[in-house]
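Spelled out from the first residue to the last, the chains are:
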Amino acid sequence: MKAGIEERLEAKGVKPTAMRMLVLEHLSHQLFAVSLTELEKALAPVDRITVYRTLKTFEEHCLVHAIDDGTGSSKYALCQVDCDDSPHHDLHIHFYCRTCQETYCLPKTLIPAIGLPEGFKKDEMSLLVKGFCQICSS
């Protein structure tokens, strides 16, 4: 697995340091998006600032995307392997479960095209759906 992690970092132009490999490997095993605090706890003992800088580097190189799910804390999830920065916007729906409070990426569910009035120029789009996930709704 480490070889795959290292290759993924190098393919995005990111130097594969021990911390970067640790963070990317952990994120690759997640079924839902995680906050900086959750990541820090899972990888303890690690330096919070180093983990934060790692996430920001990953965002800049299209390895992860940040999600604002309305909880007041950004969540981070891996980008699709073919994600690039032209522009780097993951145009899929994110889903927040009100029961388990997890945030999921739904990469096969794209954000529908939205027409804006004349004079308005779109720079970024996100769509968050709130409700109950498959586990909590059954």
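Residues numbered from 1 in each chain as written. Predicted model: local features only at pLDDT ≥ 70, side-chain atom pairs only at ≥ 80, totals over all residues. Heavy atoms only, no water.

### Let's talk about the pairing of strand β3 (residues 75-78)
This is how it is decided: Three labels apply to residues, based on accessible area from a 1.4 Å probe with only protein chains included: buried if under 20% of the type maximum, exposed if over 50%, partly exposed otherwise in between. Note on conventions: DSSP H or I runs of at least 4 residues are helices, E runs of at least 2 residues are strands, and numbering of each starts at the N terminus. Pairing between two strands requires that DSSP report at least two bridges joining them.
Burial along β3 is two-sided: the face carrying Lys 75 and Ala 77 and the face carrying Tyr 76 and Leu 78 are both buried. Inspection of the sheet shows strand β1 (residues 34-35) paired to β3 by two bridges, in the antiparallel sense. Across the sheet, residue Val 34 finds its bridge partner in β3, namely Tyr 76. Note that strand β2 (residues 64-67) and β3 share four bridges and pair antiparallel. Bridging across to β3, Ala 66 finds its partner in Tyr 76.

### Things to note about the packing of helix α2 (residues 18-28) against helix α4 (residues 48-60)
To keep it simple, the criterion reads: Axis lines are fitted to C-alpha atoms, over the contacting stretch for helices. Their N-to-C directions set the angle, which ranges from 0 to 180 degrees. Working rule for angles: under 35 degrees goes down as roughly parallel, over 145 as roughly antiparallel, 65 to 115 as roughly perpendicular, anything else as oblique. Here, two residues are considered to be in contact whenever any of their heavy atoms come within 4.5 Å of each other. Under this grouping Gly is polar, as are all residues other than the nonpolar Ala, Val, Leu, Ile, Met, Phe, Trp, Tyr, Cys and Pro and the charged Asp, Glu, Lys and Arg.
One can describe the packing of α2 onto α4 by two numbers: an axis separation of 10 Å at closest approach and a directional angle of 70 degrees. By the angle between their directions, the pair α2 and α4 is classed as roughly perpendicular. The residues of α4 that touch α2, namely those facing Met 19, Arg 20, Val 23, Leu 24 and Leu 27, are Thr 50, Val 51, Thr 54, Leu 55, Thr 57 and Phe 58. When grouped by side-chain class, the residues that make up the contact of α2 with α4 number seven nonpolar, three polar and one charged.

### A few points about the pattern of salt bridges
Note the cut-off: When a carboxyl oxygen of Asp or Glu lies within 4 Å of a side-chain nitrogen of Lys or Arg, that pair is called a salt bridge.
As enumerated under the stated definition, the model contains three salt bridges in all. Of the charged contacts, one joins Glu 40 and Arg 48 as a salt bridge, the two residues approaching to 2.5 Å between their closest N and O atoms. For the salt bridge of Lys 56 with Glu 59, the shortest nitrogen-to-oxygen distance reads 2.8 Å. Of this pair, Lys 56 and Glu 59 both sit in helix α4, three residues apart, which is roughly one turn of the helix. Using a relative accessible area of 27% as the deciding quantity, one classes Lys 56 as partly exposed.

### Looking at the environment of His 92
For clarity, the threshold we go by: Polar contacts, as counted here, are pairs of nitrogen or oxygen atoms within 3.5 Å of one another; within protein the pair requires one atom able to donate a hydrogen and one able to accept it, and residues that are adjacent in sequence qualify only if both atoms are side-chain atoms.
Structurally, His 92 is set in strand β4 (residues 92-97). For His 92, a relative accessible area of 5% puts it in the buried group. Sequence separation of His 92 and Leu 127 is 35 residues, and the distance between their C-alpha atoms is 7.4 Å. In this structure, His 92 is in contact with His 65, Cys 105, Leu 106, Pro 107, Thr 109, Leu 110, Ile 111 and Leu 127, ignoring residues within four places of it in sequence. A polar atom in the side chain of His 92 sits 3.1 Å from the side chain of His 94.

### Thoughts on the sheet that holds β4
Judged by pairing direction, the sheet is mixed, and its three strands sit side by side in the order β5-β4-β6 without closing on themselves. The open sheet has two edge strands with one neighbour each: β5 (103-110) and β6 (128-131). When the angles between neighbouring strand axes are averaged without regard to direction, this sheet yields 30 degrees.

### Observations regarding the packing of aromatic side chains
Short version of the rule: Stacked, edge-to-face and tilted labels apply to pairs of Phe, Tyr and Trp rings (six-membered ring for Trp) whose centres lie within 6.5 Å, assigned for plane angles under 30 degrees, over 60, and everything in between, in that order.
For the structure shown, the criterion picks out one aromatic pair. With centroids separated by 6.0 Å and ring planes inclined at 75 degrees, the aromatic side chains of Phe 32 and Tyr 104 adopt a geometry described as edge-to-face. Residue Phe 32 is found in the loop between α2 and β1, and its partner Tyr 104 is found in strand β5; the two are separated by 72 residues along the sequence. For Phe 32, a relative accessible area of 26% translates into the label partly exposed. A residue is classified by how much of its surface remains accessible, and Tyr 104, at 19% relative accessible area, is buried.

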